[in-house]
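Breakdown of the fold
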Amino acid sequence: MGSAAAAGCAESRAVSGAHVTLLPEQLARARIDRLLEAAGWVLQDRDTFNRKAAVGVAVREFQLPGGPCDYLLFVDSKAAGVVEAKKAGTTLSGVAEQSERYMGSLPGFLDAWAERLIFDYESTGDETFFRDMRDPIPRSRRVFAFHRPEMLLRWLQEDGTLRGRLRSLPPLDVRGLRECQVEAVQGLEASLARADPRALIQMATGAGKTFTACTFSYRLLKFAKARRILFLVDRNNLGEQTLKEFQQYRPPDDGRHFTELYVTQHLKSPRLERDASVVITTIQRLYAMLRGEELPEEAEEGSAFEAAAPAEVPPVEYNQDIPIETFDVIVTDECHRSIYGQWRQVLEYFDAFVIGLTATPSKHTLGFFGQNLVAEYPYERSVADGVNVGYEIFRIRTRVGEQGGVIDAAYEVPLRDKRTRKLRYQQIEDDLEYAADQLDRSVVVPNQIRAVLQAYRDRLFTDLFPGRSWVPKTLIFAKDDSHAEDIVHLAREVFGQGNQFCKKITYLTMGESPKDLIQAFRNDPFPRIAVTVDMIATGTDIKPVEVVIFLRDVKSELYYEQMKGRGVRSIADADLKSVTPDAPAKTRFVLIDAVGVTETRKSASQPLERRRAIGFDKLLDQIAAGQRDADALLSLAGRLAALDGRIEDDEDRRRIKAAAGGESLRDLANALLDAIDPDRIEAETLARHGAAAGEGERARVEAALKDAACAPFDQPALRTLLKEVKRKTEIVIDEITTDEVIGAAYDLARARETTQRFKDFIEANRDELLALQILYGQPYGRRHLTYAAIEDLTKALTAPPWHLTTAQVWQAYRRLEASKVRGAPSDRMLTDIISLIRYATGQAETLEPFAQRVNQLFELWLGRQKKAGRSFTAEQEDWLRLIKDHIAANAAAEPTDLIEIPFADHGGLIRARQLFGTELNAMLDDLNGTLVA
């Protein structure tokens, strides 16, 4: 641990000209001494100890009735705990029981905090475990280092322990909380009461993860007396968003804002505020603080998803200014970076509970949190609950986008420097053929981008948002900043608008700050279109977005889900109208796929490259100089694979293969991966040395495999060529090739899947739900629906495993059978589900809102009454129409309903009996049967 020497080896020390070899136990003691001193303990020997010399005194070999303990810990002059030291490599799971003989039998003369010692450490110097005997269930837990004595003193003076207080939290006040937020807080608190070290909460984007975090943070600070909570975010701008959430949060049992009750700090410097109860920061900044290093401003701006992999992270060592007890709880909000590789050591540095918040848990995330998923609220359920909106996929295909293109050799083409965007012109000697996956990376085809944007424009007010005139708030994902720049200019041109209409929001945006641009995109009518690479891809909350356009493919499943999530947020009708005046409501968003992102296979695996901080040239030179650690080889393999994917010049490939002795870049990368593959090393060891091979033989085999894989890079010619090819920074601009749309339509597969699930729901519940029994199974004369039965039906449809809403199913039928679908369901009319069921089961030839059908049937009923010679006064007809509207909204009208509003405003049941006499009940039965037929 930290700067400790290698475990298990002997160490020589010069003493008066002679060399003294330290035994493994002595080496462990030396490392433990350094760790204790770093944490502020004063070390003393038994014969010369002074327990009052400091707040924390650690006395070596103190004699107790159970024998001499390795270290007796005095806190504020009273015995408080022991440290049991073991040599490196010792497994510590059973050592705590050895400590029992010291802790429970104290001599009568010893001034101690209790009848038995309270704090128990076991350590090898490389690994340390800690136990507080006052915990409800004392359990040893791994810690990075020793706690400071001042912290132990504070714990001794407190009433109970944090883990004890977590078992006695008061019941949750659920006022102002959604059901999913209640489930999350209660599930988390049950986990904390069990002292589970890690817990994961899955909540769909838009379900209020940060609000939930504010809620449990308040309860942990107030009731569990947690001292400080760390809130980790993926990027700095998300930290500002989180701070705003804490500033606005008001706990239900106190009228004040959270930040009036507890100091909340968004870290922008390397200094923690002493009184801060909540600290918000990125893992990049916290790592730099632990290392005592400056952090470049841009280091907090890039998302973990966008980076190919975390940069090389040197080990964290103990920092006296930031002890391990600095935080009691760590909350990681979509910080997938923080649980990868070396970054996770920042989390493991602190003696704290770790709580994860995510909308999209991966296997890796679940593994890190020990499969302890304490609350699960998936996107499908959030749509069913109205927290989020569903989406439709609109696929745009162009000829160049699908097939690539070719530039004839007769033309002079522009070449643009990727870094400076400076243009130069060059005559090409041979036809330049490019594939679709080279678009906007090595070749830009403005007419291809234009074709996609024109297809969007031309179908916007017909297929996508009929009847609208304002372009919906649209978010476009570009491949890189240069690509985003091209899209911005072309979008303004295609829509015939000025600069305010479309803006680029990336880290390289000049002039307006990205923060101000995001604010304007969220709250103001302009811009209508925002183009980004990564900045709005994760976490950033922009509710008015109704269209998300992918002009880049994404290989990561997690990143794709996060990007898609930018469109799911529901929004109040009035708030939407304030930025999009002609938008009646946000009932869904449209995902426009122009690159096949919805069709490509996604990966949830950890990124390949590890040493992003080391330049490609330098890494090659280090390998040539003898660098052989696994991270270096893995990183180089990733760089070579990426370079292989970017090379479009066949001549470059031929030259590389010749310089590498016939090996391609892919061959070189695979050889590096094989050299560090444990299974390959094991198999090779077995083949060379047999089953009796030891560690020495295995190490030699591994070294030989690595040397063989790295041998090609010993050749200066290959290294020089690879560096030259890598430095090619110009991108060809194909202004000649025209493009055309070869397909622009909704993805019907999703609609078919939705309607089939709805039919499966009906079939699975036809004998269980009263409404389905009436609509589907009972004889005509016995059908009589009630509003309660409709409510039960709707709840069952939105519940697991179906997670469907009337609006979703209706929209799916509209896509598949547009000629038979009329109108749209109303958010306030549960009875529209009746129309859906009748249509799905073949009882109706058209799908139309239930109220519309009731109106038609009522007019027919009224006509038949008049034809039969029955006339109605104007007041009676008004009453009949009130009854008709009530049936449309509630599926039935009973005499008792006539007591309520709106009937009460017209005299209620008494007036109805006066108007219709003894025929009232029979007439209601007739209307119920006729209008709901």
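A quick note: this is a predicted structure, and the numbers were derived from the prediction, not measured.

What follows is about a negative patch on the surface. Taken together, Asp408, Asp430, Asp431 and Glu433 make up a surface patch of like negative charges. You can see Asp431 is positioned in the loop between β20 (423-427) and β21 (432-434).

Before going further, it helps to examine the packing of aromatic side chains. Tallied over the full model, the rule gives 34 aromatic pairs. Between the aromatic rings of Phe758 and Phe761, the centroid separation amounts to 6.4 Å while the plane-to-plane angle is 20°, which identifies the pairing as stacked. In this pair, Phe758 and Phe761 both sit in helix α26 (residues 748-765), 3 residues apart, roughly one turn of the helix. Owing to a relative accessible area of 0%, Phe758 belongs among the buried residues under this scheme. Assessed through its relative accessible area of 0%, Phe761 is described here as buried.

What the 7 strands build is an open sheet, ordered β24-β25-β23-β26-β27-β17-β29; its pairing is mixed. The open sheet has two edge strands, β24 (502-504) and β29 (741-746), and neither has a second partner. Taken pair by pair, the neighbouring strands of this sheet meet at an average axis angle of 20°, ignoring direction. Relative to β29, strand β17 (residues 390-398) is paired through 5 bridges, and the arrangement is antiparallel. Its bridge partner being in β29, Arg395 is matched across the sheet by Ala745. The strands touched by helix α15 (residues 481-494) within the sheet are β23 (474-477), β24 and β25 (529-532), with β24 carrying the most contacts at an inclination of about 170°. Across the sheet, helix α17 (residues 557-564) lies against β17, β23, β26 (547-550) and β27 (588-593), angled at about 145° from β26, the strand it touches most.

Bringing empty space enclosed by the protein into the picture now. If you walk through the whole model with that rule in mind, you get 3 cavities of 30 Å³ or more. What the largest cavity holds in volume is close to 250 Å³. Along the wall of the largest cavity there are 22 residues; nearest its centre are Arg141, Trp155, Leu162, Arg163 and Asp328. Mapped by element, the contributors of at least two residues to the lining of the largest cavity are β8 (128-132), α3 (149-157) and α4 (162-165). Looking at the lining of the largest cavity, its residues break down into 7 nonpolar, 2 polar and 13 charged.

Analysis parameters
- Residues numbered from 1 in each chain as written.
- Predicted model: local features only at pLDDT ≥ 70, side-chain atom pairs only at ≥ 80, totals over all residues.
- Heavy atoms only, no water.
- Patch = residues over 30% accessible without salt bridge, like charges linked within 9 Å, V, L, I, M, F, W, Y side chains within 5 Å.
- Areas by Shrake-Rupley, 256 points an atom, 1.4 Å probe, with all protein chains shown as cover.
- Salt bridge = Lys/Arg side-chain N within 4 Å of Asp/Glu carboxyl O.
- Lys, Arg positive; Asp, Glu negative; His and termini not counted.
- Charge placed at Lys NZ, Arg CZ, Asp CG, Glu CD.
- Helix = DSSP H or I, 4+ residues; strand = E, 2+ residues; numbered from the N terminus.
- Phe/Tyr/Trp six-rings, centres within 6.5 Å; stacked < 30°, edge-to-face > 60°.
- Buried < 20%, exposed > 50% of the residue type's maximum accessible area, 1.4 Å probe, protein only.
- Pairing = 2+ DSSP bridges.
- Axes fitted to C-alpha atoms, helices over the stretch in contact; angles between N-to-C directions.
- Contact = heavy atoms within 4.5 Å.
- 1 Å grid on protein atoms, 1.4 Å probe; cavity = no way out; pocket = protein on both sides within 12 Å on 5 of 7 lines; lining within 4 Å.
- Points joined across faces, edges and corners; volume = space filled by probe spheres on them.
- Nonpolar A, V, L, I, M, F, W, Y, C, P; charged D, E, K, R; others polar.

No statement about biological role is implied by the geometric values presented.
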